[in-house]
Number of protein chains: 2
Amino acid sequence: MNKLLSVARGDCPADIVIKNAKIANVYTKEYELNDVAIYDDKIAGVGKNYDGKIIFNAEGAVLIPGMIDGHIHIEDTMLTPPAFAHAVAKLGTSAVMADPHEISNALGISGLEYMYKSGLNLPIDIFWGAPSCVPASKFETPFEELDMLDIKKMFDKNLAQHLGEVMNYPALISGDPDIWGKITAAGNVPLTGHAPEVTGKNLNAYLISGISSDHECNTLEEAREKLRRGMWIMIREGASFPNLKILLPLIFENELNAARCMIVSDDITARYLLETGHMDAKMRIMLREGLNPFTALRMVTLSPAEYFRLWDRGGIAPGKLADFSILDSDEIDESFKIKHVWKNGKAIVLDEDVFTKNINEHLAPAMRTIIKNIPTSEQIKIKFDEHKNNLINVIGVTEGTVLTKTLKISPTLDKNNYVVADSSRDVSKIVVLERHRDTGNFGKGFVSGLGIMRGAIGSSVAHDAHNFVVAGADDESIITALKCLSEMGGGLVISDGNKIIRSFALPIGGLMSYLDVDNVAVELTKMELSAEGLGIKIKHPFMVLSFLCLSVIPELRITDQGYININNGGIQNIFVQ
Amino acid sequence: MNKLLSVARGDCPADIVIKNAKIANVYTKEYELNDVAIYDDKIAGVGKNYDGKIIFNAEGAVLIPGMIDGHIHIEDTMLTPPAFAHAVAKLGTSAVMADPHEISNALGISGLEYMYKSGLNLPIDIFWGAPSCVPASKFETPFEELDMLDIKKMFDKNLAQHLGEVMNYPALISGDPDIWGKITAAGNVPLTGHAPEVTGKNLNAYLISGISSDHECNTLEEAREKLRRGMWIMIREGASFPNLKILLPLIFENELNAARCMIVSDDITARYLLETGHMDAKMRIMLREGLNPFTALRMVTLSPAEYFRLWDRGGIAPGKLADFSILDSDEIDESFKIKHVWKNGKAIVLDEDVFTKNINEHLAPAMRTIIKNIPTSEQIKIKFDEHKNNLINVIGVTEGTVLTKTLKISPTLDKNNYVVADSSRDVSKIVVLERHRDTGNFGKGFVSGLGIMRGAIGSSVAHDAHNFVVAGADDESIITALKCLSEMGGGLVISDGNKIIRSFALPIGGLMSYLDVDNVAVELTKMELSAEGLGIKIKHPFMVLSFLCLSVIPELRITDQGYININNGGIQNIFVQ
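Residues numbered from 1 in each chain as written. Chains lettered and ligands numbered in written order. Predicted model: local features only at pLDDT ≥ 70, side-chain atom pairs only at ≥ 80, totals over all residues. Heavy atoms only, no water.

**Student:** Where do I start with the overall build of chain A in this structure?
**Tutor:** Counting secondary structure elements, chain A contains 18 helices and 29 strands. Once the C-alpha set of chain A is aligned to its principal axes, its extents read approximately 85 × 50 × 45 Å. Each of the 577 residues in chain A was classed as buried or not, and the buried ones make up 67%. Across chain A, contacts joining residues at least 24 apart in sequence account for 70% of those joining residues at least 6 apart. Accessible surface, chain A as shown: approximately 18,700 Å² in total, 49% of it carbon and sulfur. Separation of charge centres in chain A, based on 57 positive and 73 negative side chains, amounts to 1 Å. (Helix = DSSP H or I, 4+ residues; strand = E, 2+ residues; numbered from the N terminus. Buried < 20%, exposed > 50% of the residue type's maximum accessible area, 1.4 Å probe, protein only. Contact = heavy atoms within 4.5 Å. Areas by Shrake-Rupley, 256 points an atom, 1.4 Å probe, with all protein chains shown as cover. Lys, Arg positive; Asp, Glu negative; His and termini not counted. Charge placed at Lys NZ, Arg CZ, Asp CG, Glu CD.)

Spelled out as structure tokens, the structure:
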């Protein structure tokens, strides 16, 4: 500290001085033509006339603070923490708030431990949330449940810095002691929320818990109500669920909202990272939309730092961590592109050796169970029930929103009076098979909006319990996909009849690959192209598919327990009652 | 919690429902015509159709969150914590951040304990800072020093929630281990600052400590630099040092600055409280200056709550403390006046019995020492030193700023070649006598700008060591005043020759009275009128006098050790070198 102080005073030379930078000051919304002196991992001072052992001439390019993603599930990129860190560090991301509830559902505590250990000593800082809802609700079947003692242990061991998204809002609102125990166990840390379409008195009740943020606003009015009630809004710009343009008017109508909003990813893919980007991509969108550059930048730097109480970062200022990037331009504009990156005062080197070392340092537990109890074609058939209403419930998917609708349609029947998928009406059958304990339990139903014309698409990534989910145009393709998922020990699959068109193994808990971002993106792209071959036109089809199982998002979902409508008491019948 | 949740859901009636309120929403900068349901000490919900045991009809009047003063020294009101709380609660203040460094200088740990105990169970919440600089610098002589272990003890015992203003910036910047030990002892709490005119590399060095706020900005440019360097600005609107109008352009030029600025009192008098007000007065000034009402309100509610990490307050929202007021109007405008106040969900009752009970519950230790070593007239004479430059240094006071200047003037000499006060040139003699250990040590010098035409004005309130300070037109009046201060055991005095014109005893450490705000204001007014009788035209003369001893504010000060210029190595000679 004494040495840092001497450097700040100008009595000792800095390790590095970035000269002639156009500093983007997120505190005051202005450029500062100034120098930045760095000692060890910290910024010693901002000002002229600092001596340094190394001088880096920024030549008037813009210098920005390291960007922070306030909410992401790393597992959903299918990348390990090292691979993820390597992918985003060069895009200017210096820290992410990660909720590891995917791995927790799939591998329990041992999965959490893997994420934590493999997340150390990387070119970004990963702050973990303690997963509050494993399972997301009682209508999902994970490998094991995390209880309030598990949560407490995570905080006691300092593995977690915030409470991960509290998704089971019906349980919380009703006063369920398990979820309230987790809130209590978390104590005085930021409690992050997930409350899609929760409004009015239910929202008031949800907030009694002290939960202070939400990333599930799908409309402006929903976000406005949550802001009014004192919540911070995480504006989600995910791969499949891009809310940024919808919610940006919040900032245009009241710039002070930028002090209580941040931009987050939630769920993105490796392909998205390569083709679109990470926080840099969110900046480009905001700049294209005409937001003040500093206000935009605040919402990916200072605002998340403040919300998560990370007092050591968020801006370029003395005493803060030396986490920053230099842009490939002398203005913050739509061309927003990261050229140079420093983390903890070190210029970032991302060569292959470093990656390989990081990825190999910690190996993950494999998928716990080899599934033998695959249902037969016969078992997944759905007999038309003449006694019921002549309509069936179908999960209605709309591209661009995580919310689904309950469609009520007249069924297509085969000659044996079974309800069948009907690609001419874009109705696929969907099956979710429990995969953690090989119980053979499965749920079945129908989904519309995926556009499957033939074959089936399947995945062991199926929020949040991550059982096997397969949607297809015929039963044989579905069974083929399920068998393949089992044989791979988890992954993605495209089948057609009794043939596997393409598959991609995800050996870490059925969620993640050991490949780097380029190779995962290549594999994912191939899988997505194969999906197009089945007629699927929706973007990120595997991500969309995976969210059909998330019981805590309205309206209709499917798990191994069957159709679920969380706002309507849980399990639903296929036939309209 | 279960009950609160039930009320929030609407399943149980609230204790109170405030109906038809025009809620000032500091989160979203808008009025909300809505109802507020309260259960116990919390807000259960904001919304229509809540049932309550008591219904309060606000009839469309504005409802605002309880206001928070981010920095005040309660001792300087000369009121005990209960008397202070009673005075400000009815003005809409619900919490203050108090730095008890005055009492710590005067009475040490026992004084701190008195403040803490007498600050409990009042109609406002008092959050204490651990006084970081007792003494303010080594150029002051307090009753006892507080070291880093004392600071640590305060945090360990949960007596303090933040570190009080770190005033000894030269020591901090130079790496002095005592002050750095206190920073370390405080740990992860808000570290509040005091860095007048500290700029450039010195400011960088100051910030390495993690200190994150400052209330000593006297110019816009100084405040802008501190904001740029990541500090929060406490805009001070004290009785003698009103900076609000000077610094308000910070908000006009960038409204987002309101998220990192708050309005604070620092030092106000009982008379000011009665005649001008507390946080309500600061609101009136901002509204008169044309600031957006919600932005203004944010800086006395949400912004200080966020800076001090008081997540349970700052706005009207579910789960927050039910601390709020109703205005005497249906708009937030210049007429800003508090009509009804609730604290912790209870309508505030401030009758005489409650006051008397609170004030008597805890009695303070008296002044530690009865001073016998009063200097003689002969001792306080200042012999002209022919060998020196023919100029003397004089403390130059300018009304409205806490900063002083070093005036260099030719001395007025008497027939015996002594330098004497000269009221025709507004030059008074000033003497500071150590009063805690009766050492007899005193400093002497001259001050200009008080306008003393005759007699002397004296006080045992003399920042921060609170020795006796007397300024006067002649030596006899000065000695008379010192004797009176000693006999009273501390207080305020006006003397003329060998006569006491008026005095006001401050039995609690020579700083505070047991009277209520009305009576203290009456006594202070009488004292100030008597001061006017001596020719003094400056407002709040006792407050101005008291700050002439504060060694950590530039430029020239005086303590029992003599003239002090903190930026020039400390002790200065009377004669210009």
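Structure shown, so let's carry the discussion forward.
**Student:** Would you explain the packing of helix H2 (residues 81–89) of chain A against helix H15 (residues 352–361) of chain A in this entry?
**Tutor:** Axes are the key here: two packed helices are described by the angle between their axes and the distance separating the axes. All names here are of chain A. Axis separation between H2 and H15 bottoms out at 8 Å; the angle between their running directions is 150°. With respect to H15, the element H2 is oriented roughly antiparallel. Only Val-354, Phe-355, Asn-358 and Ile-359 of H15 make contact with H2, whose side of the interface consists of Pro-82, Ala-83 and His-86. Its residues placed into classes, the contact of H2 with H15 shows 5 nonpolar, 2 polar and no charged. (Axes fitted to C-alpha atoms, helices over the stretch in contact; angles between N-to-C directions. Parallel < 35°, antiparallel > 145°, perpendicular 65-115°, else oblique. Nonpolar A, V, L, I, M, F, W, Y, C, P; charged D, E, K, R; others polar.)

**Student:** I'm lost on the interface of chain B and chain A in this one. Help?
**Tutor:** Residue-level contacts link 55 residues of chain B with 55 residues of chain A. Among the residues chain B hides against chain A, the three largest losses belong to Lys201(B), Ile208(B) and Leu256(B). Together they make up 17% of the total. At the junction of chain B and chain A, the tally comes to 6 salt bridges. When residues of the side of chain B that touches chain A are traced back to their parent elements, those giving at least two are helix H1 (2–9), strand E2 (30–39), strand E3 (42–46), helix H5 (169–174), helix H7 (200–208), helix H8 (220–228), helix H13 (293–298) and helix H14 (302–307) of chain B. Taken together, the residues of the side of chain B that touches chain A sort by class into 25 nonpolar, 16 polar and 14 charged. (Buried area = accessible area lost by both parts, 1.4 Å probe. Salt bridge = Lys/Arg side-chain N within 4 Å of Asp/Glu carboxyl O.)

**Student:** Looking at this structure, how should I read the packing of aromatic side chains?
**Tutor:** Working definition: an aromatic ring pair is given by the centre-to-centre distance plus the angle between the planes. Taken as a whole and judged by the stated rule, the model has 14 aromatic pairs over all chains. Pairing Phe241(B) with Phe547(B) gives two aromatic rings, centres 5.2 Å apart and planes at 85°, and the pair type is edge-to-face. Note that Phe241(B) is positioned in the loop between strand E12 (232–236) and helix H9 (244–247) and Phe547(B) in helix H19 (residues 541–547), a separation of 306 residues in sequence. When its relative accessible area of 5% is taken as the criterion, Phe547(B) is described as buried. Feature note: the residues Phe56(A), Phe324(A) and Trp342(A) constitute an aromatic cluster, connected by ring pairs. (Phe/Tyr/Trp six-rings, centres within 6.5 Å; stacked < 30°, edge-to-face > 60°.)

**Student:** Looking at this model, I keep getting lost on H15(A). Mind explaining?
**Tutor:** For an α-helix, the turn length of 3.6 residues means that residues three or four places apart are oriented alike. Residues and elements named next belong to chain A. Those residues of H15 not exposed but buried are Phe-355, Asn-358 and Ile-359. All buried residues of H15 fall inside an arc of 95° around its axis, so they share one side. Facing away from the buried side of H15 by over 90 degrees, the exposed positions are Asp-353 and Lys-357. Buried positions along H15 lie against H2. (Arc of directions from axis to C-beta.)

**Student:** What should I look at first to understand the pattern of salt bridges in this one?
**Tutor:** Side chains that carry opposite charge are capable of pairing whenever their charged atoms lie near each other. On inspection of all chains with the given rule, the structure shows 62 salt bridges over all chains. The residue Asp280(A) makes a salt bridge to Arg284(A) at a minimum N-O spacing of 3.3 Å. Of this pair, Asp280(A) and Arg284(A) are both found in helix H12 (residues 279–288), 4 residues apart, which corresponds to roughly one turn of the helix. Taken as a pair, Asp280(A) and Arg284(A) share a single burial class, namely buried. Put simply, Arg271(B) and Glu528(B) hold a salt bridge, and the shortest N to O gap is 2.3 Å. Of the two residues, Arg271(B) is situated in helix H11 (residues 270–275) and Glu528(B) in helix H18 (residues 517–533); the sequence distance between them amounts to 257 residues. No difference in accessibility class separates Arg271(B) from Glu528(B), as the two residues are buried.

**Student:** Looking at this structure, how should I read the relation of the copies chain B and chain A?
**Tutor:** Two copies of the chain are present, and they differ by a rotation about an axis and a shift along that axis. Superposition of chain B onto chain A requires a rotation of 180° combined with a translation of 0.0 Å along the rotation axis, giving an RMSD of 0.0 Å. This pairing of chains is accounted for by a two-fold axis. Judged by C-alpha distance, Leu256(B) is the residue of chain B that lies nearest the rotation axis, at 2.7 Å. In this assembly, 100% of the residues forming the interface of chain B have copies in chain A that are likewise at the interface, indicating an isologous arrangement. (Least-squares fit on C-alpha atoms with pLDDT ≥ 70 in both.)

**Student:** Please explain the packing of helix H7 (residues 200–207) of chain A against H1(B) as it appears in this structure.
**Tutor:** Contact geometry of H7(A) with H1(B) gives a least axis separation of 7 Å together with a crossing angle of 160°. When the axes of H7(A) and H1(B) are compared, the pair comes out roughly antiparallel. Along this stretch, H7(A) crosses H1(B), giving a crossing that reads as right-handed. On H1(B), the residues touching Lys201(A), Asn204(A) and Ala205(A) of H7(A) are Leu5(B), Ala8(B) and Arg9(B). (Left-handed = near helix turned anticlockwise from the far one by under 90°.)

**Student:** Mind showing me how you'd approach the sheet that holds strand E6 (residues 67–72) of chain A here?
**Tutor:** Two orientations exist for strands paired in a sheet by backbone hydrogen bonds: parallel and antiparallel. Residue and element names in this part refer to chain A. Taking strand neighbours across the sheet as the criterion, the 8 strands line up as E6-E7-E8-E9-E10-E11-E12-E13 in an open arrangement whose pairing is parallel. Sheet topology places E6 and strand E13 (261–264) at the edges, where each strand pairs with a single neighbour. As paired elements, strand E10 (residues 191–193) and strand E11 (residues 213–214) share 2 bridges and run parallel to each other. Each residue of the ladder has a partner; that of Thr-192, found in E11, is Ser-213. (Pairing = 2+ DSSP bridges.)

**Student:** Can you walk me through the sheet that holds strand E29 (residues 570–572) of chain A in this structure?
**Tutor:** Residue and element names in this part refer to chain A. Overall, antiparallel pairing links the 3 strands, which are arranged E27-E28-E29 in an open sheet. Both outer strands of the open sheet, strand E27 (557–559) and E29, are each paired with one neighbouring strand and no more. Within the sheet, the average angular offset between the axes of one strand and its neighbour, ignoring direction, is 50°. Bridge count for E27 against strand E28 (residues 562–565) is 3 bridges, and the pairing is antiparallel. In the sheet register, Ile-558 faces E28, and the bridge partner there is Tyr-563.

**Student:** Whenever I open this one, the environment of Ser335(B) confuses me. Can you help?
**Tutor:** Residues and elements named next belong to chain B. With respect to the element layout, Ser-335 can be found in the loop between strand E14 (324–327) and strand E15 (338–343). The class for Ser-335 is partly exposed, based on a relative accessible area of 43%. At 2.5 Å, the side chain of Ser-335 and the side chain of Asp-333 are in polar contact. (Polar contact = N/O pair within 3.5 Å; in protein donor to acceptor, adjacent residues only side chain to side chain.)

**Student:** Explain the side chain of Asp280(A) here, please?
**Tutor:** Taking the relative accessible area as the measure of exposure, Asp280(A) reaches 5% and is therefore buried. Setting aside chain neighbours within four positions, we find Asp280(A) in contact with Met67(A), Leu91(A) and Phe336(A).

**Student:** Which parts of the structure should I look at to understand the pairing of strand E19 (residues 404–409) of chain B?
**Tutor:** In regular strands, side chains alternate between the two faces of the sheet. Residue and element names in this part refer to chain B. Here strand E18 (residues 392–397) pairs with E19 via 6 bridges, running antiparallel. Of the residues in E19, the one forming a bridge with Gly-396 is Lys-405. If you look at the hairpin formed by E18 and E19, you'll find 6 residues sitting between the two strands, and Gly-400 has a positive phi there, around 95°.

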